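Coordinate analysis (summary)
Take a look at the letters that make up each chain.
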Amino acid sequence: MKVDVVTLDNEKAGSIELADPVFAAPVRGDILARMVNWQRAKRRAGTHSTKGISEIRGTTAKPYKQKGTGRARHGSRRSPQWRGGSVIFGPRPRSHAHKLPKKVRRMALRAALSSKCAEGQLIVLDAAKAEDHKTAALAERLDALGWRSVLIIGGAELDANFARAAANLPNIDVLPQQGANVYDILRRETLVLTRDAVAHLEERLS
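Residues numbered from 1 in each chain as written. Predicted model: local features only at pLDDT ≥ 70, side-chain atom pairs only at ≥ 80, totals over all residues. Heavy atoms only, no water.

1. A look at the environment of R164
Using the following cut-off: Where helices and strands are cited, they refer to DSSP runs of H or I of at least four residues and of E of at least two residues respectively, numbered from the N terminus.
In this fold, R164 is placed in helix α5 (residues 160-166). Taking C-alpha positions, R164 is 32 Å from K2, a pair spaced 162 residues apart along the chain.

2. A short note on the pairing of strand β1 (residues 2-6)
Note the threshold: At least two bridges found by DSSP between two strands are what make those strands a pair.
Examined bridge by bridge, β1 and strand β2 (residues 12-17) share four bridges and lie antiparallel to one another. By the bridge assignment, K2 is partnered in β2 with E17. Taking the residues that link successive antiparallel strands as the turn, the β1-β2 hairpin has five residues, and the phi of N10 there is positive, at about 65 degrees.

3. Examining the pattern of salt bridges
Stated precisely, the cut-off is as follows: We define a salt bridge as a contact between a side-chain nitrogen of Lys or Arg and a carboxyl oxygen of Asp or Glu at a distance within 4 Å. Whether a residue is buried, partly exposed or exposed follows from its accessible area with a 1.4 Å probe, protein chains only, as a fraction of its type maximum: under 20%, in between, or over 50%, in that order.
Evaluated as defined, the whole model comprises 10 salt bridges. With its nearest N and O atoms 3.2 Å apart, the salt bridge here joins R141 to D9. Residue R141 is located in helix α4 (residues 135-145), and its partner D9 is located in the loop between β1 and β2; the two are separated by 132 residues in the primary sequence. Its relative accessible area of 25% is what places R141 among the partly exposed residues.

4. Describing the packing of helix α3 (residues 102-118) against helix α7 (residues 195-205)
Stated formally: Between the N-to-C directions of two axes lies an angle of 0 to 180 degrees, each axis being a line fitted to C-alpha atoms and, for a helix, fitted only over the stretch in contact. To sort the angles, those under 35 degrees are grouped as roughly parallel, those over 145 as roughly antiparallel, those from 65 to 115 as roughly perpendicular, and the leftovers as oblique. If you view the pair so one helix is near and one far, a crossing is left-handed when the near helix is turned anticlockwise from the far one by less than a right angle, and right-handed when it is turned clockwise. Any two residues whose heavy atoms approach within 4.5 Å at even a single point are treated as in contact.
Running from N to C, α3 and α7 point in directions that differ by 140 degrees, and their axes come no closer than 11 Å. Taken as axis vectors, α3 and α7 run oblique relative to one another. Here α3 runs over α7; the crossing is left-handed. Here α3 contributes R106, L109, R110 and L113 to the contact with α7, which in turn contributes L201, R204 and L205.

5. Focus: the layout of surface pockets
Our working rule: Within this scheme a cavity is a closed region of a 1 Å grid, computed over the protein atoms alone, that accommodates a 1.4 Å probe without allowing it to escape, whereas a pocket is open but has protein on both sides within 12 Å along at least five of seven lines; lining residues each have an atom within 4 Å of a point. Grid points are joined across faces, edges and corners, and a volume is the space filled by probe spheres set on the points. Each residue is assigned to one class: nonpolar for Ala, Val, Leu, Ile, Met, Phe, Trp, Tyr, Cys and Pro, charged for Asp, Glu, Lys and Arg, and polar for all the others, Gly among them.
Estimated volume of the largest pocket: approximately 270 Å³. M35, W38, R105, A180 and R204 are, among the 14 residues lining the largest pocket, the residues nearest its centre. Only α2 (29-43), α3 and α7 provide two or more residues apiece to the lining of the largest pocket. With five residues, the single largest contributor to the lining of the largest pocket is α2. Its residues assigned to classes, the lining of the largest pocket shows six nonpolar, two polar and six charged. For the second largest pocket, the calculated volume is near 150 Å³. D126, A127, A128, K129, G154, G155, E157, L158, D159, T194 and D196 together form the lining of the second largest pocket. Of the residues belonging to the lining of the second largest pocket, the class tally is three nonpolar, three polar and five charged.

These values are about where atoms sit, not about what they do.
Here you go:
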């Protein structure tokens, strides 16, 4: 399919042909959900931890004698029945990452790109470059374009001025082409790809 290419000054800069296998693939909601769960699981720190009975600081003496008190028998003040005691089968530090086939990950990225294209939320930008690193100047240009919640994917190396100017803008994310991922694409309303990013994604996913 053919789409128009625009500049940051909201001017037309020609057109580009998008590969149908990458930008017009079937949109599989189940595959997208699996991919988002996989990405977010990898990001979890997994540092949650509770103390077992061997880690609780306290006496090892028996609270009171076994028989004759009329109370339930207890052997340790560090047991979970007591206030300040241990936790049984509580969370321990671990990795939440799980495996997802590379074929499924590639399918999910094609589905995410295709969903943005089908919804009319995919824009091709001539180049993501700025003359200076002033946030206010870039914010005015993005407001003129009507971009409120947007992910901008640039070339292999981001323009330093553009990346620095966009760093303080809320709901504006900037990634290099090799960082394109399903979660970041779906969490923003509009997806903006530069010419270099389109060529890279087509080569990567074809």
